[in-house]
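A structural walkthrough
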Amino acid sequence: MTSPTPRPEILTISPYVGGEASVPGVNRSYKLSSNEGAFGVPPMAQQALREVAAEGFRYPDGGADRLREAIGAYWNLDPAKIVCGAGSDDILYHLCLAYGGPGRDIMMSAHGFTIYHIAGVYAGSEVIKVPEVNLQPDLNAMLAAVTPATKAVFLANPNNPTGAMITESDMAEFRKALRSDILLVIDSAYAEYVTRDDYNAGERLVDATGNTIMTRTFSKIFGLGGIRLGWSYGPPAVNDVLHRVRAAFSVSVAAQAAGIAALAEPGWVEKGREHNALWRPKLAAGIEAAGIKVWPGEGNFVLADFGTAEFAGKADQYMRLRGLILRRVGSYGLPQCLRITVGTADECGLVIEGLAEFMKQTRG
Ligand SMILES: *Cc1c(COP(=O)(O)O)cnc(C)c1O
């Protein structure tokens, strides 16, 4: 008897492994492995989720009209150019499936977000990974690596897990030099955390060109990772494609209500951004003071470099026993590093204390 088989390339994909949530045998654990916001779910979104419970038997508004209006009003964007999805991963998958495919390459930076690789291979594309310089995407090398078959380029800005940020002018130059029939996907999952003034999340480039799309998420600063809500802002031709292929009811009644309420929460983004601007540098400095290299970058996480995979693994194990769950990033080609989310002030303190103790013990 023969068994059903998928396309052979599907079995080359390693399943995405999310950050662990708890450590067996440890009383209290701190999850700093998935870059979820430091402050949980906005209170108004919690209230909205309770209130919407009785509406759960109704199909959601497939067009997510009220949510798109709210997103547009919040960021001053045209709601007609916004598409919502079950997390931004949902939209990234559809972009890969629609623009990639057999004989249609997609391109990413070597240490870019792994979802582009998974979704690209799923689509049947060749996924071109371009080496980085000092964990920064090498935009010139990416241009040089473009082939006639290249159909889309995916850049996370800032990137997860490196934190690398591309300035607005570098991104615009890259777009100008990139062949016009290649879709540029700017994944700005961490945009709200960036405080540098040479940054733009991508909406200006979307408006200035017809071949660039920006994706955003409610999973990070808005604290709704478990609810699954993301969106994109793109040109009409790409939105038309997304509307043809997306699941009709991908964004649940709960996600739409929670998203609208989260946007209305007074001062929420400001609080998250200010906390991060204070604690990201403090966390990085504390880790460096322990004698561990930290790569410079943006986002609500830091990338600590232990030099070898073995040493990073030891540090990870040591921290786990203290209940501190960090993220190994071997699947991103960085087995010598650990990614650490900027948590609350207390959590940052525990990380600094733990790593300092680890280094002291290792030195003997
Ligand atoms: C967290 C993250 C996302 C968000 O994914 P969702 O599906 O919206 O939860 C997208 N891109 C990057 C680079 C991320 O780190």
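The notes below deal with the structure included here. Computed from a prediction, not measured in an experiment: that's the story for all the values here. Position numbers for residues start from 1 in each chain and track the written sequence from start to end. Given that this is a predicted model, residues contribute local features only at a pLDDT of at least 70 and side-chain atom pairs are listed and counted only at 80 or more, while totals for whole chains, interfaces and linings are drawn from all residues. Hydrogen atoms and water are omitted, and side-chain values are computed over all heavy atoms in the structure.

**Section: the nonpolar core**
Residue types Ala, Val, Leu, Ile, Met, Phe, Trp, Tyr and Cys, when buried and joined through side-chain atoms within 4.5 Å, form a set referred to as a nonpolar core. When accessible area is computed with a 1.4 Å probe and restricted to protein chains, residues below 20% of their type maximum are described as buried, those above 50% as exposed, and intermediate ones as partly exposed. Grouped together as the largest cluster of nonpolar side chains are 39 residues, with contacts concentrated most on L67, I71, C84, F218, F222 and W231. Strands here are runs of E lasting at least two residues and helices are runs of H or I lasting at least four, both read from the DSSP assignment and numbered beginning at the N terminus. Breaking this core down by element, the ones donating at least two residues are helix 1 (43–51), helix 2 (65–75), strand 2 (82–85), strand 8 (230–233), helix 9 (253–264) and helix 10 (268–289). Tallying contributions element by element places helix 9 first for this core, with eight residues. How far each domain reaches was decided by an automatic or database domain assignment. Mapping this core onto the domain boundaries places at least three of its residues in each of domain 1 (8–31 + 268–363) and domain 2 (43–264). When checking whether two residues touch, look at their non-hydrogen atoms; a contact exists if any pair is within 4.5 Å. In contact with W231, other than residues within four places in its own chain, are I71, W75, L77, I82, V83, C84, I91, M214, T215, R216, T217 and F218.

**A closer look at the packing of aromatic side chains**
Each aromatic pair joins two rings of Phe, Tyr and Trp (for Trp, the six-membered one) with centres within 6.5 Å, and gets the label stacked for planes under 30 degrees apart, edge-to-face for over 60, and tilted for any other angle. In the structure shown here, the tally under the stated rule is 13 aromatic pairs. With 5.1 Å between their ring centres and 70 degrees between their planes, Y190 and F301 make a pair best called edge-to-face. Separated by 111 residues along the polypeptide, Y190 in the loop between strand 6 (183–187) and helix 7 (203–208) and F301 in strand 10 (residues 301–305) bring together distant segments of the chain. A residue is classified by how much of its surface remains accessible, and Y190, at 2% relative accessible area, is buried. In this analysis the charged atom, NZ for Lys or CZ for Arg, is taken to sit over a ring once it is within 6 Å of the ring centre and within 35 degrees of the ring normal. Over the ring of F39 we find K271; its NZ or CZ atom is 4.4 Å from the centre of that ring. The ring of W279 is capped by K282, whose NZ or CZ atom sits 4.5 Å from the centre of that ring.

**With respect to the pairing of strand 7 (residues 212–217)**
A large share of strand 7 lies buried, amounting to six of its six residues. Alternating residues of strand 7 divide into T212, M214 and R216 and I213, T215 and T217, and every residue in both groups is buried. Across four bridges, the pairing between strand 6 and strand 7 is parallel. For D187, the partnering residue across the bridge sits in strand 7 and is T215. Paired strands are those between which DSSP finds at least two bridges.

**With respect to helix 2**
All buried positions along helix 2 are accounted for by L67, R68, A70, I71 and G72. Backbone geometry just after helix 2 places N76 at a positive phi near 60 degrees.

**What about the pattern of salt bridges?**
Counted as salt bridges are all cases of a side-chain nitrogen of Lys or Arg within 4 Å of a carboxyl oxygen of Asp or Glu. Evaluated as defined, the whole model comprises twelve salt bridges. The residue R7 makes a salt bridge to E9 at a minimum N-O spacing of 2.6 Å.

**Examining the sheet that holds strand 9 (residues 293–295)**
Strand order in the open sheet formed by four strands is 9-10-13-12, with antiparallel pairing between adjacent strands. Single-partner strands in this sheet number two, and they are strand 9 and strand 12 (327–329). Neighbour-to-neighbour, the strand axes of this sheet turn through a mean angle of 35 degrees, independent of strand direction. The pairing of strand 12 with strand 13 (residues 334–341) spans three bridges and is classified as antiparallel. By the bridge assignment for strand 13, R328 is matched with L338. Angular values range over 0 to 180 degrees, each being the angle between N-to-C directions of two axes fitted as lines to C-alpha atoms, with helices fitted over their stretch in contact. Each of strand 9, strand 10 and strand 13 touches helix 10; the most contacted strand, strand 10, lies at about 15 degrees to it.

**A word on the site of the ligand**
As a matter of local geometry, the ligand sits amid 13 residues, with S88, D187, T217, S219 and K220 nearest to it. Pairs of N or O atoms within 3.5 Å make up the polar contacts considered here, provided that, within protein, one atom can donate a hydrogen while the other can accept it, and that residues adjacent in sequence are counted only when both atoms are side-chain atoms. One nitrogen or oxygen atom from the side chain of Y190 is found 2.7 Å from an oxygen atom belonging to the ligand. The side chain of S219 places a nitrogen or oxygen atom 2.6 Å from an oxygen atom of the ligand. All accessibility values rest on the Shrake-Rupley procedure with a 1.4 Å probe; residue burial counts only the protein chains present in the view. Expressed as a share of its isolated accessible area of 390 Å², the protein-covered part of the ligand is 93%. Each residue is assigned to one class: nonpolar for Ala, Val, Leu, Ile, Met, Phe, Trp, Tyr, Cys and Pro, charged for Asp, Glu, Lys and Arg, and polar for all the others, Gly among them. Of the residues assigned to the shell around the ligand, the class counts are four nonpolar, five polar and four charged. A molecule or strand has a residue near it when one of that residue's heavy atoms lies within 4 Å.

**Thoughts on helix 9**
In this scheme, a helix's expected span is set at 1.5 Å multiplied by one less than its residue total. Compared with an ideal rise of 1.5 Å per residue, which puts twelve residues at 16 Å, helix 9 spans 17 Å between its outermost C-alpha atoms and is within 8% of the ideal. For helix 9, the buried fraction is high: ten of the twelve residues fall into the buried class. If you check which residues of helix 9 are buried, you get V253, A255, Q256, A257, A258, G259, I260, A261, A262 and L263. Where the residues of helix 9 are buried, they touch helix 1 and helix 2.

**A short note on the sheet that holds strand 2**
Hydrogen bonds between backbone groups are what pair the strands of a sheet, and the pairing can be parallel or antiparallel. If you walk across this open sheet you meet the seven strands as 2-8-7-6-5-3-4, and the pairing is mixed. Strands with a single pairing partner mark the edges of an open sheet, and in this sheet they are strand 2 and strand 4 (127–130). Taken pair by pair, the neighbouring strands of this sheet meet at an average axis angle of 20 degrees, ignoring direction. Lying over the sheet, helix 4 (residues 114–123) contacts strand 3 (105–109), strand 4, strand 5 (150–156) and strand 6, oriented at roughly 155 degrees with respect to strand 4. Here helix 6 (residues 168–177) sits on the sheet in contact with strand 5, strand 6 and strand 7, set at roughly 160 degrees to strand 6.

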